[in-house]
Each structure stands twice: as structure tokens, then as C-alpha cells.
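# Architecture at a glance
One letter stands for each residue in the lines below.
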Amino acid sequence: VDELVSFRHGGWWKVKEFHEIHGNVAIEFGTNSYVHALDNGLFCIGSTRPFGEGPEPQQILTAIRVSENKIALKSGFGKYLAVNKNGLVVGRSGKLPHSSSIISHWFVLDAISAREQFEPVFENGNLALSASNDKFIRFNEEGDLVALD
């Protein structure tokens, strides 16, 4: 862990390999600005956090590994991030008690659909997330989190 980077981000650090992605994560765009979950299921870029402070609670996601190279992300509102048919990344995909799930060793595991999976791509010390539509996530001019060209 790069101690200076960790200090700048309130104890958070930049992941460099897939195996480091699990549990609580935040997605940084720019410097000290993170993807921010809204209660309506949409996402915006959060305001720049002060030096030495980590992300706010609404900027913390839970990463779940679903394969050797893909993850799912769940917002603090308990919703899986997914890409809708218009390329908008939304966190409205909650699992209901009657939805498909697997019971294993006393735990109920949600069935995570293909549109809820993201592939981390590492290149030149940076990380990008490729969505189920094979587009990288980014913010558009309106400030929406999208997976579009």
C-alpha cells in the first residue's frame, strides 16, 4: 500500500490488482472526488473531499467477486449497480425475497445478473470498469454515470 496515497484518502488506497477488489470500495474520478449514490438509484460525482479524508458513506460501495475477472457492486442503499438499456448506470436492482437466490452454508446469495457485472481493466497504473455492454463507465456532460462511447 502506498502510504502517501493512503494518507491523502483517509486510509483508503488505490487497488493495483484484481484480488484487492473486495468489500468496501470507492470509485474515484479526478482527485478526491468519488462516485456518489443518490437515494433515487442514480449516481453523481461527489464534491471534492478534503485532503486526508476518505469518501463519504454514500460514496462507499460493496464489491463482490462473481468470477475470476468480474465483480458486482452494491450501493449503501442495498442496490446492485447495473447498466440499463440506455447505458445509464443505476442502482435500482434490489433483490426481493422471491427473486432467484442460492442458499449455501447458512447464507442466502443473490443471483447476480450479467448486467450487474463489471470487469476491472488495469492499464498504466490506472483502473477502468468495463460494463456488461462492453463500454467503460464515465460521467457524461449532464453529470450522470454512464457506460457509453
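See above for the structure.
Please read all numbers here as calculations on a predicted model, not as lab measurements.

## So, the environment of Pro-50
- Note on placement: Pro-50 falls in the loop between strand 3 (43–45) and strand 4 (61–65).
- Among the residues examined, Pro-50 registers a relative accessible area of 39% and is labelled partly exposed.
- Placed 40 residues apart in sequence, Pro-50 and Gly-10 show a C-alpha to C-alpha distance of 9.4 Å.

## Quick look at the pattern of salt bridges
- Under the definition given, this model contains three salt bridges.
- Arg-49 serves as the salt-bridge partner of Glu-56, at 3.5 Å between the closest nitrogen and oxygen.
- Asp-149 is the partner of Lys-135 in a salt bridge, and the nearest nitrogen-oxygen pair spans 3.2 Å. A residue pair is termed long-range when its members are at least 10 positions apart, and Lys-135 in the loop between strand 11 (126–130) and strand 12 (137–139) and Asp-149 in the segment after strand 13 (145–147) qualify at 14 residues.
- For Lys-135, a relative accessible area of 27% gives the class partly exposed.
- The class for Asp-149 is exposed, based on a relative accessible area of 76%.

## Thoughts on the environment of Glu-56
- Here Glu-56 shows up in the loop between strand 3 and strand 4.
- Remark: the alpha-carbon pair of Glu-56 and Gly-46, spanning 10 residues in sequence, is separated by 8.7 Å.
- Filtering out sequence-adjacent residues up to four positions away, Glu-56 remains in contact with His-36, Ser-47 and Arg-49.

## Some points on the nonpolar core
- Ranked by size, the top nonpolar core spans 22 residues in total, and within it Leu-73, Phe-118 and Ile-137 carry the most contacts.
- At the level of elements, strand 2 (35–37), strand 4, strand 5 (71–74), strand 6 (80–83), strand 12 and strand 13 are the ones that each hand at least two residues to this core.
- Dropping the residues within four chain positions of it, Ile-137 is found in contact with Ile-27, Phe-29, Val-89, Phe-118, Leu-129, Ala-131, Leu-145, Val-146 and Ala-147.

The rules behind the values
- Residues numbered from 1 in each chain as written.
- Predicted model: local features only at pLDDT ≥ 70, side-chain atom pairs only at ≥ 80, totals over all residues.
- Heavy atoms only, no water.
- Helix = DSSP H or I, 4+ residues; strand = E, 2+ residues; numbered from the N terminus.
- Buried < 20%, exposed > 50% of the residue type's maximum accessible area, 1.4 Å probe, protein only.
- Salt bridge = Lys/Arg side-chain N within 4 Å of Asp/Glu carboxyl O.
- Contact = heavy atoms within 4.5 Å.
- Core = buried A, V, L, I, M, F, W, Y, C linked by side-chain atoms within 4.5 Å.

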